[in-house]
Structure formats: structure tokens, C-alpha cells
There are 2 protein chains.
Amino acid sequence: MSLHALKLAPQDCGDCPIRHRAVCARCDGPELAKLEEMKYYRSFEAGQNVVWSGDRMDFVASVVSGIASLTQTMEDGRRQMVGLLLPSDFVGRPGRTIAPYDVTATTDLVMCCFRRKPFEEMMATTPHVAQRLLEMTLDELDAAREWMLLLGRKTAREKIASLLSILARRDVGLKAKAAKGPISFDLPLTREEMADYLGLTLETVSRQMNALKRDGLVELEEKRRITVPNFDRLMNETGDDSDGGFLS
Amino acid sequence: MSLHALKLAPQDCGDCPIRHRAVCARCDGPELAKLEEMKYYRSFEAGQNVVWSGDRMDFVASVVSGIASLTQTMEDGRRQMVGLLLPSDFVGRPGRTIAPYDVTATTDLVMCCFRRKPFEEMMATTPHVAQRLLEMTLDELDAAREWMLLLGRKTAREKIASLLSILARRDVGLKAKAAKGPISFDLPLTREEMADYLGLTLETVSRQMNALKRDGLVELEEKRRITVPNFDRLMNETGDDSDGGFLS
DNA sequence: CGATTGCCTTGATCAGGATCAAATGAAAGG
DNA sequence: CCTTTCATTTGATCCTGATCAAGGCAATCG
């Protein structure tokens, strides 16, 4: 029986473009058994809320399948996505009981949960877990800072191109990128969610998507099905360095 | 003899508005001695560069005094600040040798450094240090996400008000905030640095600063000396929830 | 002392996205 | 089949903040 969240070690998926965020990549003795017995699963439908900002959250979890988003909302309704949780990403902060953001299932979602109290106790006695969690958190911090550059300084077109290239990489892997073949994938976000991710309005997202289509940078056969004929040409629109230094 | 970075435990400075980020708040035996013998100090003048993005960085450090900033720059020169390091903040990522950002001394700066290799070794054998570092990193991640909301969704005026209220809190503490008296502090940033922090141009920063002054929300006797007569009125301009849930 | 330099302010104009409004299209339901 | 709903597109207009261009002011230096 598989312990999803715990078995994914980075070295197990060398090609994967996403930084895997297994809770514990290195422990395989009693700690794993302890985690195994405290875990449980929860499923959510697309659009369903997982926790509200301000709620008590007495579990930590990692995403098994599907996508969840973290969003912040201002009183007047302005919204900003601040995190996008992909499979194997971790959510919940040891030591903090109140959720600081809304967590929402963007697609159908399965999470592997651990009650916070025993998880924290285990962390205190198992150095590997704390270290792995630190690594993961540092990766997330780097991603957040990349995102800050996007929000603060990129144009609408660059923002869209950046998001699409992130999703393309995630779905297809760096190998495919190197291969320079066309890349196809499903957009897991609505126009509005994309707008919340990018700090734009949904109208601007729509217009810029169609602009990229007009310019032949992407093909949009079905509104939510994207094909990128030439990844490098898309990258040129992102404003990022050509190498796209994504992983360390 | 003081081990600056290590002696600051959160509970030692209850009033301080800034989340202290001591490397090790809880260890006080052999680990402290080990850290003590591997530490060394480096000083920088205002404006001086500490590391360039892409450089090899074979130390980790914590800020003793002064302010440093982390910035990202695009090829065409657009710049975004992604971190502001205040005293007791930590910089440098265990496990990563290449600096992902430019680190610059914004004011005169003293840092307490540890060579990376021995620091990492110590981390591996001292669970408290990894746990403390995890806490600090999670705090930083929360700050980054707050910052993302600012960059993505706030107006120029709200951005300025937010920055000023952060600085005001830092310099004076929550107690003073509660006391509702006027708050004075020195701006440690130029208009351009503020702009890079906020995702604006320096002209817009200048205009909005003067607008806040005209509206009586701040007083600017000397361009870099700020007085906030009524903190709550400034907070109302930030767009944040009134409570200003700053710490946990 | 005048010249230079760095930082800040101010003004005029422009443009990228936001906003408001309406239409389209596809899927779901009665 | 018609209606409803939701996601998306498209159009017209507006406005915030960017851009371009000068000018002020204080500190520093020759």
C-alpha cells in the first residue's frame, strides 16, 4: 500500500519539471511507519473550498492528485492567488493553527492529511523530516520571489507567457522542452483564476491569450487545451533569461 | 562576548514588531559553542554589493545591524526587490551554492557569517537549528505572500501606505501602535528603492508620498524623516484588514 | 566659491490595463 | 427543445501610473 506523499523522493522522478516536495524523502524506518498510521485521505471536487482564511486548521497535508490554490482576498473583493499546489506539494504550517489563506480545490483534488499535533511531535523527534520540510519551504520561497518579479514588473503579455511556460514545463517535463517539439496540455485554470494568479483582470487575460494565438505562439483548439508549437519562442515572450533557470 | 545572531530569541523581545529570526533560539549547549567558533563578521557600506546573483556563495549569514535588500533584475534593467533583510534576518540557503538574487547593503551593514559547509554539518546533527530555520523560512514565505497581494492588487497609494506602516511598526513596535501616539522614524530607502520594493516608478512614489503628506497622513520634515501622526488612519489607506494581522 | 553629483520633485503627455457593457457559445437541466 | 448558467470573447471608454523632460536642492569636491 502506497504512502503517496512520502514515497516521492526527488531522485525517483528525475525528469519531472516540478520540484517534488515529498514530506520525507530519506526516512524509511520507524518514522515512515508512524506517518503511515496517522495519515488519512480527503477528496474535494473542483471549485470546493478546503479551508477558509482564519479557520482553525488542525492538519497538515500534501497533494496526492489535482490542483489546489491559495488565495488572499481584500475586503472589497480584490483577490490575489499566492500559491498553486501541485501533486506532492505540502500545505499547512507546523506551529500555526490558523490558516492565513483560503485554500480551494481548482480541479478535483485528493489530499493526504496528517493531524497536526502528532505530526509536529514526530517532527520534533525526526530530524530528517524537519530538514526535508525546510528544503521544500525554501523552494517555495524562491518560487514566491520569482512570482513577485512577475507581479511587480512584467507586462500582461509577459505574465501570460510566463504562466503558460510554467504549466507547459510542468506537464511535459524539461526533457520535452529540450526536444523542442510541440507541447500540448490542458489548462487547469479558468480565465479568472489565471487573472488572480497574474494580478490582471479576466478580460485582459482573454485578450492577451488571443493575442498570443494570433501571433502563432500558442494554439487554442478548445479554450482549455493549449498547444505550444515552439517552446523557445514562448520563452522569449516571458522576459526571463533564456536559460529559464528553473531548478536551482 | 555576544553571539548576536544567536542570542535573539523571540521571547527576549516581546514588544518588537519584527519577527525575530535568530538562527537558534533554543540551543544553548555545545551547539552554541560550535556556532560561536565558526562565526565571523563582515561590514559593508551603504550601497555596496554583498553578492551578485549567480555568484558562488559559500556562507550563510544573519544581519547584525543595518538593512540589506534582495533584488532581481531583468535583462532590460527592470528591477524588483524581493526581500528586505532587517537585523536578525537570515540569508543564504543551506544546500544551495549559487546566489539566486543580488544582495545589496541598503544602509551600512554588519553581517554575522558562517561558512556554509560546517554550518550545514552542524544543522544535520542539531535538530533545533533546522527547526528554527524552518520557522524563520515559513515566516518569510508568509511575508512574501503578503507582498504578492500588494504587488498584484494594491493601488499606488495603498502600496506606499503599506510600506510606511510596515516601517513604522518595525521602528516603533506594536506597543506604540496600540498607544496611538505619533510615530517618527527614518526612511532607510531612497525613492528608487521604495519603487523597486513596490513595483512602481520613483516618480509615482514621490507623487504619492506628497499626496499622503497633503492629506495629513504623514509629515515629511526632511524627506527621509517620517512622522505618522495617527497610525490607524494610515492603516486605513493600506487596504489591509483593520487588525493588521501581522504576527501569526 | 562655483561646479558636480545624487536625490527628489514637478509638469506634460501617453498608453497599458481596468472598467463597464453586451454578445457568444457550450454544457446542464427541466 | 427551450431555458439557465457559466466561461469566455469582444467592444468602447476611462484612468492610473509610466514615460519623458526639466528643474530644485543639498552635499561634496576641486
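Caption draft 1: Spotlight on the packing of helix 6 (residues 191–198) of chain B against helix 7 (residues 202–214) of chain B. Residue and element names in this part refer to chain B. In the contact formed by helix 6 and helix 7, the axes pass within 8 Å of each other and the chain directions differ by 100°. Compared by their axis directions, helix 6 and helix 7 come out roughly perpendicular. For the pair formed by helix 6 and helix 7, the contact residues are Arg191, Glu192, Met194 and Ala195 on the first element and Leu202, Val205, Ser206 and Met209 on the second. Each residue belonging to the contact of helix 6 with helix 7 can be placed in one class, and the counts come to 5 nonpolar, 1 polar and 2 charged.

Caption draft 2: Looking closely at the protein's contact with DNA strand C. Residues in contact with DNA strand C amount to 17 residues; listed here are only the nearest, Ala156 and Thr204 of chain A together with Arg191, Ser206 and Arg207 of chain B. One nitrogen or oxygen atom from the main chain of alanine 156 of chain A is found 2.8 Å from a phosphate oxygen belonging to DNA strand C. Mapped by element, the contributors of at least two residues to the surface near DNA strand C are helix 7 (202–214) of chain A together with helix 7 of chain B. In terms of residues, the surface near DNA strand C owes the most to one element, helix 7 of chain B, which gives 5 residues.

Caption draft 3: Looking closely at the relation of the copies chain B and chain A. Screw-axis analysis of chain B against chain A gives a translation of 0.0 Å along the axis, an RMSD of 0.1 Å, and a rotation angle of 180°. Viewed as a symmetry operation, the transformation between the two copies matches a two-fold axis. Both copies present the same face, since 100% of the interface residues in chain B are matched by interface residues at the equivalent positions in chain A.

Caption draft 4: Seen up close, the sheet that holds strand 3 (residues 59–65) of chain A. All names here are of chain A. Spatial strand order, 1-8-3-6: 4 strands in an open sheet with antiparallel pairing. A single partner strand is all that each edge strand has here, and the edge strands are strand 1 (39–44) and strand 6 (90–91). Across 6 bridges, the pairing between strand 3 and strand 8 (residues 109–115) is antiparallel. Along strand 8, the bridge assignment pairs valine 63 with methionine 111.

Caption draft 5: Inspection of unusual backbone geometry at higher detail. All names here are of chain A. Located in the positive-phi region is serine 88, a residue other than glycine, with phi close to 85°. With relative accessibility at 2%, the residue serine 88 sits in the buried group. One non-glycine residue with positive phi stands out, namely lysine 223, at about 70°. By the element assignment, lysine 223 lies in the loop between strand 10 (219–220) and strand 11 (225–228).

Caption draft 6: Broad picture of helix 6 of chain B. Counting buried positions along helix 6 of chain B gives 6 out of 8 residues, so the element sits mostly inside the fold. When we look at burial in helix 6 of chain B, the residues that qualify are Arg191, Met194, Ala195, Asp196, Tyr197 and Leu198 of chain B.

Caption draft 7: Looking closely at the interface of chain B and chain A. Counting residues at the interface gives 50 residues for chain B and 50 residues for chain A. For the pair chain B and chain A, the summed buried area comes to about 4,400 Å², and 55% of that belongs to carbon and sulfur atoms. The largest contributions to the chain B side of the interface with chain A come from Arg145, Met148 and Arg153 of chain B, which together make up 19% of the buried area. Linking chain B to chain A there are 14 salt bridges. A salt bridge links aspartate 142 of chain B to arginine 96 of chain A; the nearest nitrogen and oxygen atoms lie 2.4 Å apart. There are 26 residue pairs in polar contact (both at pLDDT 80 or more) connecting chain B and chain A. A breakdown of the residues in the side of chain B that touches chain A according to their chemical character gives 22 nonpolar, 11 polar and 17 charged.

Caption draft 8: Representation of the protein's contact with DNA strand D within the structure. Around DNA strand D, the surrounding shell holds 17 residues, and the nearest of these are Arg191 and Ser206 of chain A together with Ala156, Thr204 and Arg207 of chain B. Measuring from a phosphate oxygen of DNA strand D, one finds a side-chain N or O atom of asparagine 210 of chain A at 3.1 Å. Taking threonine 201 of chain B, its side chain carries an N or O atom lying 3.1 Å from a phosphate oxygen of DNA strand D. Counting residues per element, the surface near DNA strand D draws most heavily on helix 7 of chain A, at 5 residues. Each residue belonging to the surface near DNA strand D can be placed in one class, and the counts come to 3 nonpolar, 7 polar and 7 charged.

Caption draft 9: A look at the sheet that holds strand 9 (residues 183–186) of chain B. The antiparallel open sheet is built from 3 strands, whose spatial order is 9-11-10 (chain B). The sheet is open, and its two edges are formed by strand 9 and strand 10 (219–220) of chain B, each paired on a single side.

Caption draft 10: Looking closely at the pairing of strand 5 (residues 79–85) of chain B. All names here are of chain B. For strand 5, the buried fraction is high: 6 of the 7 residues fall into the buried class. The pairing of strand 4 (residues 68–73) with strand 5 spans 6 bridges and is classified as antiparallel. Looking at strand 5, one finds that alanine 68 is bridged to leucine 85. In sequence, strand 4 turns back onto strand 5 through a hairpin of 5 residues, with glycine 77 there showing a positive phi of about 100°.

Caption draft 11: How the structure looks around the pattern of salt bridges. All told, the structure shown has 33 salt bridges over all chains when counted by the stated rule. Among the salt bridges present, the one from arginine 78 of chain A reaches glutamate 158 of chain B, with a minimum N-O distance of 2.8 Å. A residue pair is termed interchain when its members come from two chains, as with arginine 78 of chain A in the loop between strand 4 (68–73) and strand 5 (79–85) and glutamate 158 of chain B in helix 5 (residues 156–179). A salt bridge links glutamate 237 of chain A to arginine 157 of chain A; its shortest N-O distance comes to 2.7 Å. Taken together, the residues glutamate 237 of chain A in the segment after helix 8 (231–235) and arginine 157 of chain A in helix 5 (residues 156–179) connect sequence positions 80 residues apart. For glutamate 237 of chain A, a relative accessible area of 22% translates into the label partly exposed. Residue arginine 157 of chain A is classed as partly exposed on the basis of its relative accessible area, which comes to 21%. Through salt bridges that share partners, Arg79, Glu192 and Asp196 of chain A together with Arg153 of chain B make up one connected network.

What counts and what doesn't
Residues numbered from 1 in each chain as written. Chains lettered and ligands numbered in written order. Predicted model: local features only at pLDDT ≥ 70, side-chain atom pairs only at ≥ 80, totals over all residues. Heavy atoms only, no water. Axes fitted to C-alpha atoms, helices over the stretch in contact; angles between N-to-C directions. Helix = DSSP H or I, 4+ residues; strand = E, 2+ residues; numbered from the N terminus. Parallel < 35°, antiparallel > 145°, perpendicular 65-115°, else oblique. Contact = heavy atoms within 4.5 Å. Nonpolar A, V, L, I, M, F, W, Y, C, P; charged D, E, K, R; others polar. Near = heavy atom within 4 Å. Polar contact = N/O pair within 3.5 Å; in protein donor to acceptor, adjacent residues only side chain to side chain. Least-squares fit on C-alpha atoms with pLDDT ≥ 70 in both. Pairing = 2+ DSSP bridges. Buried < 20%, exposed > 50% of the residue type's maximum accessible area, 1.4 Å probe, protein only. Buried area = accessible area lost by both parts, 1.4 Å probe. Salt bridge = Lys/Arg side-chain N within 4 Å of Asp/Glu carboxyl O.

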